[in-house]
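Structural characterization, general
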Amino acid sequence: MGRRGAWKPITERLWSKIMPEPNSGCWLWVGSIDKNTGYGHLGKNEYSSALAHRASYECFRGPIPVGLVIDHKCRVKSCVNPDHLEPVTHYENNVRGGVYDAAAKEKKSRTHCRKGHLYEPSNLVPSKSGTRVCRICHRAIAIAFVSRRRVLIKENNYGA
Ligand SMILES: [Zn+2]
Ligand SMILES: [Zn+2]
């Protein structure tokens with residue numbers, strides 16, 4: 001685990017991995033970057049997170065309120081400039097990132113259900129929410145449910 005005293009002060013470790021971008025003002029993280037999330041990684045440190053932008057925020061601004069995530073106002077995931085970071089709720093962060101919008105749009109643009117049945121008017125179950133339900137799949141699920149219930153009734157002598 002290493003001795004705490006042997007660690008470099010966080011600011012020094014942060015500074016050594018930051019490359020300021022003069023046009024945007026972003027502080028680009030030149031340390032390791034998570035391939036999946038695109039966020040900079042600082043590794044083990046005195047702060048609550050190994051994520052570089054979170055550690056940076058805590059270092060320069062103070063503790064992040066519990067339950068909040070750090071939003072990149074500049075939309076540059078590897079940026080750790082505290083002026084570009086803002087604690088928000090997870091939901092708000094996703095909305096800002098357009099995640100929900102994109103997912104909803106993608107769903108609406110689909111022409112087939114997950115099993116590949118065509119979404120045509122005759123193959124849609126009416127639904128109040130506006131989401132499209134494939135009639136073939138819906139029926140298959142209903143049949144499976146009914147036969148499962150039949151087996152249960154038989155096994156347990158319900159209603160016999
Ligand atoms: Zn930035
Ligand atoms: Zn289907």
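Not measured: the values here are computed from a predicted model. (Residues numbered from 1 in each chain as written. Chains lettered and ligands numbered in written order. Predicted model: local features only at pLDDT ≥ 70, side-chain atom pairs only at ≥ 80, totals over all residues. Heavy atoms only, no water.)

Let's shift gears to the coordination of the zinc ion (ligand 2). At this site the zinc ion (ligand 2) is bound by Cys-113 (SG), His-117 (ND1), Cys-134 (SG) and Cys-137 (SG), with donor distances of 2.0 to 2.3 Å. Here the zinc ion (ligand 2) is ringed by 4 donor atoms whose angles at the metal span 102 to 118°, and the overall shape comes out tetrahedral. (Donors = N, O, S within 2.8 Å, 3.2 Å for Na, K, Ca; no water. Tetrahedral: all angles 85-135°; square planar, octahedral: opposite > 155°, others 65-115°.)

Turning our attention to the packing of aromatic side chains. Scanning the entire structure with this criterion turns up 3 aromatic pairs. Their ring planes at 65° and their centres at 5.6 Å tell us that Trp-15 and Phe-60 sit as a pair that is edge-to-face. In this pair, Trp-15 sits in helix H1 (residues 10-15) while Phe-60 sits in helix H2 (residues 52-60), placing the two residues 45 residues apart along the sequence. Its relative accessible area of 27% is what places Phe-60 among the partly exposed residues. Note on Trp-27 and Phe-60: the rings are 5.6 Å apart at their centroids and 85° apart in plane angle, and the pair reads as edge-to-face. With a gap of 33 residues between them, Trp-27 in strand S2 (residues 27-29) and Phe-60 in helix H2 connect regions that are remote in the sequence. The buried category is assigned to Trp-27, whose relative accessible area is 18%. An aromatic cluster of three or more residues is present, and its members are Trp-15, Trp-27 and Phe-60. Over the ring of Tyr-39 we find Lys-77; its NZ or CZ atom is 5.4 Å from the centre of that ring. (Phe/Tyr/Trp six-rings, centres within 6.5 Å; stacked < 30°, edge-to-face > 60°. Helix = DSSP H or I, 4+ residues; strand = E, 2+ residues; numbered from the N terminus. Buried < 20%, exposed > 50% of the residue type's maximum accessible area, 1.4 Å probe, protein only. Lys NZ or Arg CZ within 6 Å of the ring centre and 35° of its normal.)

None of the figures reported here should be taken as evidence of function without further support.
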